[in-house]
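Summary of the model geometry
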Amino acid sequence: MASVFDLSEPYRNHLVPVLPPGRGVCAVCWRAVDPGYRLCYLCRIAHDGYGRRLAEVVAPIALAVKRQQLAHELWHYKYDADERVRRRLELRLAAVLWRFLGPHEAHVAAAAAVPRFDIVTTVPGTRPRHDQHPLVRIVGSLVGQTRDRYQPLLALGPDASVEGRAVHVNRFRAPQAIRGHPAVLLIDDTWTTGGRAQSAAIALHDAGAARVAVIVLGRHFDRDFGDGETYYRQAKAREFSWDTCCLETDSAWN
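This report concerns the structure included in the present document. (Residues numbered from 1 in each chain as written. Predicted model: local features only at pLDDT ≥ 70, side-chain atom pairs only at ≥ 80, totals over all residues. Heavy atoms only, no water.)

A look at the overall build of the chain
Selection criterion: Put simply, DSSP H or I for four residues or longer makes a helix, DSSP E for two residues or longer makes a strand, and each gets a number counted from the N terminus. The rule is simple: take the accessible area with a 1.4 Å probe, protein chains only, and divide by the maximum for that residue type; under 20% is buried, over 50% is exposed, in between is partly exposed. In this description, accessible areas are obtained by the Shrake-Rupley approach with a 1.4 Å probe, and a residue is regarded as covered only by the protein chains that are shown. Lys and Arg are tallied as positive, Asp and Glu as negative. Neither His nor the chain termini are counted. Charge coordinates come from a single atom per side chain, which is NZ of Lys, CZ of Arg, CG of Asp or CD of Glu.
Of the regular secondary structure elements, the chain holds seven helices and six strands. By its C-alpha atoms, the chain is 50 × 45 × 35 Å across when sized along the principal axes. Looking at the chain as a whole, 50% of its 254 residues qualify as buried. For the chain, the exposed surface amounts to about 12,500 Å²; the carbon and sulfur share of it is 49%. With 33 positive and 27 negative side-chain charges, the chain shows a separation of 2 Å between the mean positions of the two kinds.

Structure below.
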């Protein structure tokens, strides 16, 4: 049976790293932003509306560049017509998350100002399914670092079907209070605008979570949008490494 290393190592050749903190990078979602601003437009709107109810930190593993391999896999692991394809991609993406968490979960915890995450959960899917969402299987069963801490804390709320990708306080709900005010690590597969993940973070905070951090497998990225091509070329020049993450300072890449 293939190991985590065997399944994840081929990604080194095509994953595009997320740029570290600095000018031209949104301090929340890591997209390209005008160098004169700390946050992109959507993150500013969310921050102005919801402030501390949002996630304390967001950490994408890599850029899910439009029409490239990771973006392709993040769609097909959920929706491909062939179940064998879905399960194969599920295992591969589980290996990516497993390998990232090993060296970098501690960085995410430190950025969220907690020693560790007591609970791990996932952002619920909003499309109807006849089976368990594959992200639940990845986090709740396949990945060694998360399966013993996984709890299905979130359910769809009354605004789950609202169209658009903005933050909605009632998009998700936490049916039970989170006892003991723990820190929660929230896993999502794709961040496009952040509406789903930040709506989930609000629900977790409102249920009693002291801190919420988000790890995302792929940060959706369109090279043709705004300063995307400049950002993309800078990111590609760094090359992806399992030893670094976007939360580390620029010196860690040198």
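Still more to cover.
Description of the sheet that holds strand β5 (residues 183-191)
In plain terms, the rule: The pairing criterion for strands is at least two bridges between them, as found by DSSP. In this analysis an axis means a line fitted to C-alpha atoms, helices contributing only their contacting stretch, and an angle means the value between N-to-C directions, from 0 to 180 degrees. Residues are treated as being in contact if the distance between any of their heavy atoms lies within 4.5 Å.
Read from one edge of the open sheet, four strands run β1-β6-β5-β2, paired in parallel fashion. Edge positions in the open sheet fall to β1 (57-65) and β2 (119-122), since each of these has one partner strand only. In this sheet, adjacent strand axes meet at a mean angle of 15 degrees when their direction is disregarded. Sitting on the sheet, helix α3 (residues 69-79) touches β1, β5 and β6 (211-221), and the angle it makes with β1 is about 100 degrees.

With respect to the packing of α3 against helix α4 (residues 83-111)
Our working rule: Throughout this description, any angle smaller than 35 degrees is read as roughly parallel, any larger than 145 degrees as roughly antiparallel, any in the 65 to 115 degree range as roughly perpendicular, and the remainder as oblique. Handedness of a helix crossing follows the sense of rotation of the near helix relative to the far helix, less than a right angle counterclockwise being left-handed and clockwise being right-handed. In this classification, the charged set is Asp, Glu, Lys and Arg, the nonpolar set is Ala, Val, Leu, Ile, Met, Phe, Trp, Tyr, Cys and Pro, and all remaining amino acids, among them Gly, are polar.
Where α3 meets α4, the axes come as close as 8 Å, and the angle between the chain directions of the two elements is 125 degrees. Here α4 runs oblique to α3, going by the angle between their axes. In the crossing of α3 with α4, the sense of the turn from one axis to the other is left-handed. Contacts between α3 and α4 involve Gln69, Leu70, Glu73, Leu74, His76, Tyr77, Lys78 and Tyr79 from the former and Arg86, Leu89, Glu90, Arg92 and Leu93 from the latter. Per-class residue counts for the contact of α3 with α4 are six nonpolar, two polar and five charged.

Overview of a nonpolar patch on the surface
Our working rule: Patch membership requires over 30% relative accessible area and the absence of a salt bridge. Like charges are linked within 9 Å, and nonpolar side chains (Val, Leu, Ile, Met, Phe, Trp, Tyr) within 5 Å. Only one rule defines a salt bridge in this text: a Lys or Arg side-chain nitrogen within 4 Å of an Asp or Glu carboxyl oxygen.
Judged by side-chain polarity, Tyr41, Leu42 and Ile45 come together as a nonpolar surface patch covering roughly 310 Å² of accessible area. Along the chain, the position of Ile45 falls in helix α2 (residues 41-50).

Considerations on the packing of α4 against helix α5 (residues 134-142)
Where α4 meets α5, the closest approach of the two axes is 10 Å, and the angle between their N-to-C directions is 50 degrees. On the basis of their axis angle, the class for α4 and α5 is oblique. Here the hand of the crossing between α4 and α5 comes out right-handed. Of the residues in α5, those in contact with Arg87, Glu90, Leu91, Leu93, Ala94, Leu97 and Trp98 of α4 are Pro134, Arg137, Ile138, Val139 and Leu142. Taken together, the residues of the contact of α4 with α5 break down into nine nonpolar, no polar and three charged.

Looking at the nonpolar core
What counts is decided by this rule: The nonpolar core is taken to be a set of buried Ala, Val, Leu, Ile, Met, Phe, Trp, Tyr and Cys residues, with the residues joined through side-chain atoms within 4.5 Å.
Judged by nonpolar contacts, the single largest core of 80 residues is most densely connected at Leu97, Ile215 and Tyr231. Not counting residues within four places of it along the chain, the set of residues in contact with Ile215 comprises Ala59, Ile61, Leu97, Phe100, Leu101, Val108, Leu185, Leu186, Ile187 and Asp188.

Digging into helix α6 (residues 195-206)
Where we set the bar: Here a helix's expected span is defined as the number of its residues, less one, multiplied by 1.5 Å.
Along its twelve residues, α6 runs 16 Å from first to last C-alpha, staying within 8% of the 16 Å computed at 1.5 Å per residue. Taken across its twelve residues, α6 has ten buried, putting it largely inside the fold. Of all the positions in α6, only Gly195, Ala197, Gln198, Ser199, Ala200, Ala201, Ile202, Ala203, Leu204 and His205 are classed as buried. Turning to α6, the residues buried within the fold contact α2, β1, β2, β4 (172-173), β5 and β6. Remark: Gly208 follows α6 within two positions and exhibits a positive phi of approximately 120 degrees.

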